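Fold and contact review
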Amino acid sequence: MFVPPAAAILAEGSSRLRPRRRRPAREGKTVLKTAICDLFGIEHPIIQGGMAHLGTVELVLAVSNAGALGVIGAGHYEPDWVREQIRLTKQQTSKPFGVNIQLASPFAMEIIEVVLEEGVAIVATGAGNPVPHIPRFKQAGMKVMPIVPSVRLAKRMEEAGVDAIVVEGMESGGHVGETTTMALVPQVVNSVSIPVVAAGGIADGRGLVAALALGAEGIQMGTRFACSEECVAHPRYKQKILEAHDRSTVVTGHTTGFPLRSLQNSLTEQYLELEKAGATSEELDMFARGRMYLGLVEGDTDDGSLLSGQIAGLIKEIKPVRAIIEETVSEAEAIIENLAGLRRQG
Ligand SMILES: Cc1cc2nc3c(=O)[nH]c(=O)nc-3n(C[C@H](O)[C@H](O)[C@H](O)COP(=O)(O)O)c2cc1C
């Protein structure tokens with residue numbers, strides 16, 4: 001039977017994996033710890049999604065130095081850029097960090113060689129099948145954490161020997177599947193025995209506790225970290241997230257097989273029109289080329305792609321990464337205490 005971890009995760013000053021009972025407050029401060037903390041050697045069960053264009057050394061350092069896991073987003077960047085980001089990160093922190101490899105990138109094979117050569121400790125994979133590469137990663141002693149949108153793929157990844165999986169619901173920013181985080185996470189948790197990280201629609205301590213209640217051992221946040229002080233995203237993109245409400249995002253690209261969630265703007269309107277008119281995948285690719293950089297980094301909020309999750313509507317302030325992480329954790333801890341108080345005699 002699955003036991004929700006919420007009662008077992010407030011370990012007293014300990015980072016050990018073994019679930020522990022909550023002790024009375026007088027015995028010392030309790031801290032939120034899960035199997036993900038132990039697996040990656042991090043303080044908080046929070047991972048920064050390895051976002052293309054935004055998962056650069058600036059954000060990664062801020063996240064890792066604040067006790068969560070920073071992840072470099074290799075996106076479709078050239079291998080030398082990825083190598084440089086890894087070296088810059090290593091030079092400036094001894095904390096754990098990872099690299100997200102987009103397997104659909106034309107440089108994916110070379111980037112795999114770069115992460116192996118540079119001795120990266122943690123690899124996250126998205127947008128493609130990592131199975132053929134897992135034995136090499138494991139032989140090199142790396143921790144491997146693919147991102148999956150379904151139970152079927154989660155089971156396949158476990159069989160292939162990965163260490164953890166990020167289960168991403170369709171609320172997420174970027175490429176999305178078809179199932180919500182709420183529905184997908186508990187189904188994956190029931191189907192695998194490796195640690196599960198919930199992603200999609202999480203931006204505060206309430207989301208963290210919800211994920212833990214569903215059986216996840218941690219969370220991955222993208223949109224929340226994109227709207228942090230340290231993130232290199234253009235201020236106009238961050239401002240659009242601050243102005244977003246619950247229905248501000250839209251999914252384009254259903255016809256290409258690579259649906260993508262972003263903030264609605266002139267670009268998404270035109271793209272959807274093209275899809276409706278029967279444009280081919282090649283035509284759509286040509287139309288969308290370079291738009292992510294244009295929107296996220298250059299701040300063209302009309303013609304650029306503004307990847308964002310549905311949770312954008314909850315984000316009302318650009319904050320330092322450390323504040324985001326500390327507030328998320330302290331809010332989660334307070335909620336867990338409050339939830340325990342809901343139980344009464346008879
Ligand atoms: C701007 C942006 C870029 C992203 N780029 C990538 C990427 O390159 N690779 C990837 O695996 N996920 C990418 N994602 C997804 C995030 O890593 C993360 O899983 C997702 O944002 C979680 O959902 P949330 O936005 O609701 O927090 C991106 C998300 C955003 C918002």
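1. Description of the environment of I241
Position of I241 relative to the elements: it lies in helix α10 (residues 235-243). C-alpha separation for the pair I241 and T223, spaced 18 residues apart in sequence, amounts to 8.3 Å. Excluding its chain neighbours within four sequence positions, the residues that come into contact with I241 are T223, C227, L263, A312 and I315.

2. Structural notes on the side chain of N100
Its location among the elements puts N100 in strand β5 (residues 97-102). Under the relative-accessibility criterion, N100 is labelled buried at 6%. In contact with N100, not counting residues within four places along its chain, are G50, V71, I72, G73, A74, G75, A124 and I147.

3. Quick notes on the packing of helix α3 (residues 79-92) against helix α4 (residues 108-117)
Two elements in contact, α3 and α4, have axes whose closest approach is 9 Å; the angle formed by their N-to-C orientations is 25 degrees. Regarding the angle of α3 to α4, the classification is roughly parallel. Judged by the sense of rotation from one axis to the other, the crossing of α3 with α4 is right-handed. Counting all contacts with α3, which are made through P79, V82, R83 and I86, the residues of α4 involved are E110, I111, V114, V115 and E117. For the contact of α3 with α4, the residue count by class is six nonpolar, no polar and three charged.

4. Quick word on the sheet that holds strand β6 (residues 122-126)
In spatial order, the strands read β3-β11-β10-β8-β7-β6-β5-β4; together these eight strands make up an open sheet with parallel pairing. Pairing within the sheet leaves two strands with one partner each, and these edge strands are β3 (46-48) and β4 (70-73). Neighbour-to-neighbour, the strand axes of the sheet open up by a mean angle of 25 degrees, direction not taken into account. Here five bridges tie β5 to β6, and the two strands are oriented parallel to one another. Its bridge partner lying in β6, V99 is registered against V123. Relative to the sheet, α4 contacts β5 and β6, its axis offset from that of β5 by approximately 165 degrees. In the packing of helix α8 (residues 205-213) onto the sheet, contacts are made with β10 (196-199) and β11 (218-221), and the angle to β11 comes to roughly 135 degrees.

5. Some remarks on the packing of aromatic side chains
Counted under the stated rule, the structure contains two aromatic pairs. Ring geometry for Y271 against F287: centres 6.3 Å apart, planes inclined by 50 degrees, an arrangement best described as tilted. Note that Y271 is positioned in helix α11 (residues 266-276) and F287 in helix α12 (residues 281-288), a separation of 16 residues in sequence. Classification of Y271 as buried rests on a relative accessible area of 10%. Across the ring face of F287, the terminal group of R291 is positioned such that the distance to the ring centre comes to 4.5 Å.

6. What to know about the pairing of strand β13 (residues 260-263)
Bridge count for strand β9 (residues 174-175) against β13 is two bridges, and the pairing is antiparallel. Note that in β13 the partner of G174 across the bridge is R261. Two elements, strand β12 (residues 249-252) and β13, share four bridges in a ladder whose sense is antiparallel. Within the sheet, the bridge partner assigned to T252 lies in β13 and is L260.

7. So, the pattern of salt bridges
Tallied over the full model, the rule gives eleven salt bridges. The salt bridge partner of R87 is E118, with a shortest N-O separation of 2.8 Å. With a gap of 31 residues between them, R87 in helix α3 and E118 in the loop between α4 and β6 connect regions that are remote in the sequence. We classify R87 as partly exposed; its relative accessible area is 43%. Classification of E118 as buried rests on a relative accessible area of 12%.

8. Examining the confidence of the model for the protein chain
Low pLDDT means the predicted coordinates in that region are not meant to be read closely. When pLDDT is averaged across the protein chain, the result is 92; 92% of the residues are at 70 or more. The low-confidence segment residues 1-8 (pLDDT under 50) makes 14 contacts with residues lying over four places distant or belonging to another chain. Below a pLDDT of 50 lies the segment residues 12-26, which in the model reaches 24 contacts outside its immediate sequence neighbourhood of four places, other chains included.

What counts and what doesn't
Residues numbered from 1 in each chain as written. Predicted model: local features only at pLDDT ≥ 70, side-chain atom pairs only at ≥ 80, totals over all residues. Heavy atoms only, no water. Helix = DSSP H or I, 4+ residues; strand = E, 2+ residues; numbered from the N terminus. Contact = heavy atoms within 4.5 Å. Buried < 20%, exposed > 50% of the residue type's maximum accessible area, 1.4 Å probe, protein only. Axes fitted to C-alpha atoms, helices over the stretch in contact; angles between N-to-C directions. Parallel < 35°, antiparallel > 145°, perpendicular 65-115°, else oblique. Left-handed = near helix turned anticlockwise from the far one by under 90°. Nonpolar A, V, L, I, M, F, W, Y, C, P; charged D, E, K, R; others polar. Pairing = 2+ DSSP bridges. Phe/Tyr/Trp six-rings, centres within 6.5 Å; stacked < 30°, edge-to-face > 60°. Lys NZ or Arg CZ within 6 Å of the ring centre and 35° of its normal. Salt bridge = Lys/Arg side-chain N within 4 Å of Asp/Glu carboxyl O. pLDDT = per-residue confidence, 0-100.

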